[in-house]
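Residue-level listing of the chains:
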Amino acid sequence: MRRLAIETATEACSVALFEDGRLIGHVHELVGRGHAERLIPMIAELPDKGRADSILVDCGPGSFTGVRVGLAAARALALAWRAEVSGYSSLALIAASAFAEPDAFETLSVAITGGHGEYFVQRFEKQGVRPITLLASLKPDDAARLCGTDAIAGSGADALRAAGAAGRSIAVEPDARKTVLLPPDLAALPPSPIYGRAPDARLPG
């Protein structure tokens with residue numbers, strides 16, 4: 001059985017192909033906003049052009065465009081290959097990666113850049129990479145208070161420490177290879193976007 005993992009929710013774009021749980025191909029690039037141009041060519045660089053029995057895709061939160069690009073590609077390939085498709089949270093992937101580091105704490109916060117000067121923040125515990133708070137989109141001061149003394153992983157870590165969070169930063173970025181660290185329940189989400197905040201546009205009252 002082969003699984004293709006797709007990660008496009010942040011400035012990085014990465015794909016990984018696993019066969020019976022063993023990594024057999026991987027491409028990872030920092031693309032900024034170039035996910036739409038690079039994702040399909042990156043998949044084509046994998047063995048057998050990435051063809052797999054199942055597809056695991058990052059649903060967000062993160063870059064609106066990146067999330068939509070990854071989900072659209074996953075759904076299209078699943079239809080073409082008659083493959084199953086499921087999703088995972090970008091914050092859960094970062095947490096799982098950080099907990100795999102040496103001397104990891106029992107709890108940590110994950111914070112990544114959101115929109116309008118806010119940060120997507122969620123706390124996790126090491127056992128089962130279990131979320132212990134709901135996903136929130138918060139201004140820096142509120143996000144720092146939520147993190148408290150936790151170590152902080154993700155692109156927002158340094159900003160929240162500057163805003164008063166007491167924990168150390170953990171340098172981890174999302175990578176499709178690390179999806180093998182996700183517990184089964186966190187890698188079985190519906191393949192739908194997790195935006196993390198209410199839409200800016202609203203219908204007239």
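Quantities reported herein were computed from a predicted structural model and do not represent experimental measurements.

S.K.: So what about the side chain of Ser 89? Which residues, and what values?
M.R.: With respect to the helices and strands, the residue Ser 89 is situated in the loop between strand 5 (84–88) and helix 3 (90–99). Ser 89 sits in the buried class, given a relative accessible area of 12%. A polar side-chain atom of Ser 89 sits 3.1 Å from the main-chain amide nitrogen of Leu 91. Residues in contact with Ser 89, not counting those within four places in the same chain, are Asp 58, Gly 60, Pro 61, Leu 186, Leu 189 and Ile 194.

S.K.: Please set out the UniProt feature "domain: Gcp-like" (unreviewed entry) in the protein chain residue by residue, giving values where relevant.
M.R.: The sites that UniProt annotates as "domain: Gcp-like" (unreviewed entry) are residues 27–128. Annotation note: span residues 27–128, helix share 37%, strand share 27%, distance between end C-alpha atoms 27 Å.

S.K.: Report on the pairing of strand 2 (residues 12–19), specifying residues and quantitative values.
M.R.: Taking burial as the measure, the eight residues of strand 2 include seven buried ones, the bulk of the element. Note that strand 1 (residues 2–7) and strand 2 share six bridges and pair antiparallel. Following the sheet pairing, Arg 2 is matched in strand 2 by Glu 19. Counting the residues between successive antiparallel strands, the hairpin from strand 1 to strand 2 contains four residues. Relative to strand 3 (residues 22–30), strand 2 runs antiparallel, the two sharing eight bridges. When the bridges of strand 3 are listed, Leu 17 appears paired with Gly 25. Linkage of strand 2 to strand 3, two consecutive antiparallel strands, is achieved through a turn of two residues, within which Asp 20 is found at a positive phi near 50°.

Definitions and limits used
Residue numbering note: each chain is counted from 1, following its sequence as written. Reporting in this predicted model follows two pLDDT cut-offs: at least 70 for local features of residues, and 80 or more for side-chain atom pairs to be given and counted; totals over whole chains, interfaces and linings ignore these cut-offs and use all residues. The side-chain figures draw on all heavy atoms in the structure; neither hydrogens nor water molecules are used. Helix numbers and strand numbers start at the N terminus; a helix is a DSSP run of H or I with at least 4 residues, a strand a run of E with at least 2. Three exposure classes are used, based on accessible area relative to the maximum for each residue type with a 1.4 Å probe and protein chains only: buried under 20%, partly exposed in between, and exposed over 50%. Polar contacts here mean pairs of N or O atoms no more than 3.5 Å apart (in protein, one a potential hydrogen donor and the other a potential acceptor; neighbouring residues in sequence count only if both atoms are side-chain atoms). By definition in these notes, contact holds between two residues if any of their heavy atoms fall within 4.5 Å. UniProt positions are given in the numbering used here, feature names are shortened, and annotations may be inferred rather than shown by experiment. The rule for pairing is simple: two strands pair if DSSP sees at least two bridges between them.

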